[in-house]
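Examination of the molecular architecture
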Amino acid sequence: MTTEAPRGPGGPSGPGGPPRFGGGGGGGGGGRPGGRPSGPGGPGGRPRGRFVRRRKVCAFCVEKVTHIDYKEIDKIRRFVSERAKIEPRRRTGVCAKHQRALRSAIQRARQIALVPFVAYHAHSAGIRR
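Below: a short report on this structure. (Residues numbered from 1 in each chain as written. Predicted model: local features only at pLDDT ≥ 70, side-chain atom pairs only at ≥ 80, totals over all residues. Heavy atoms only, no water.)

A look at the overall build of the chain
From N to C terminus, the chain includes four helices and zero strands. Along its sequence from the N terminus, the chain presents helices and strands in the succession α-α-α-α. Split by element, the accessible area of the chain, about 11100 Å² in all, is 52% carbon and sulfur. (Helix = DSSP H or I, 4+ residues; strand = E, 2+ residues; numbered from the N terminus. Areas by Shrake-Rupley, 256 points an atom, 1.4 Å probe, with all protein chains shown as cover.)

As structure tokens, then:
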């Protein structure tokens, strides 16, 4: 016969031991559930002010480009994703004026097959059923 104490609501660790799962503990008292203190970063967890995101500048404005040529594939390819989609402004940092011109240049280059409409898919080149 064993002399093991009956298990209560605290689970296998017992009511006096650490909690079974990550939540609930009271130590630290930072106002966060789980007992971890807030820290200098507030509720997010990371300290603020360490990394300041630099605003992206338009590559065409820096070079003072007046016209985006659809025949310059090297420039255009930088603004097309690997899935052959036009990258958004928030990702490339291009201004609205040049984004519109870039879109037109990409569409013209697609029309004469300099830039693909869709990404190349290796499995689609196989045998059709």
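Digging into the side chain of H98
Here H98 lies in helix 4 (residues 96–111). Residue H98 is classed as buried on the basis of its relative accessible area of 6%. Once you skip the residues sitting within four places of it in the chain, H98 turns out to touch C58, F60, C61, V65 and I68. (Buried < 20%, exposed > 50% of the residue type's maximum accessible area, 1.4 Å probe, protein only. Contact = heavy atoms within 4.5 Å.)

Details of the nonpolar core
Counting 14 residues, the largest nonpolar core has F60, I68, I76, V80 and L102 as its most contacted members. Top contributing element to this core by residue count: helix 4, with four residues. Here I68 is in contact with F60, H98, A101, L102 and A105, once residues within four sequence places are set aside. (Core = buried A, V, L, I, M, F, W, Y, C linked by side-chain atoms within 4.5 Å.)

Focus on the pattern of salt bridges
Taken as a whole and assessed by the stated rule, the structure comprises three salt bridges. One salt bridge in this structure joins E63 and K75, with 3.7 Å as the shortest N-O distance. Here E63 is found in the loop between helix 1 (59–62) and helix 2 (73–77), whereas its partner K75 is found in helix 2, with 12 residues between them in sequence. Given the relative accessible area of 46%, E63 is considered partly exposed. Salt-bridge contacts for E87 lead to R91; the nearest nitrogen and oxygen are separated by 3.6 Å. Owing to a relative accessible area of 13%, E87 belongs among the buried residues under this scheme. R91 gets classed as exposed once you look at its relative accessible area, which sits at 57%. (Salt bridge = Lys/Arg side-chain N within 4 Å of Asp/Glu carboxyl O.)

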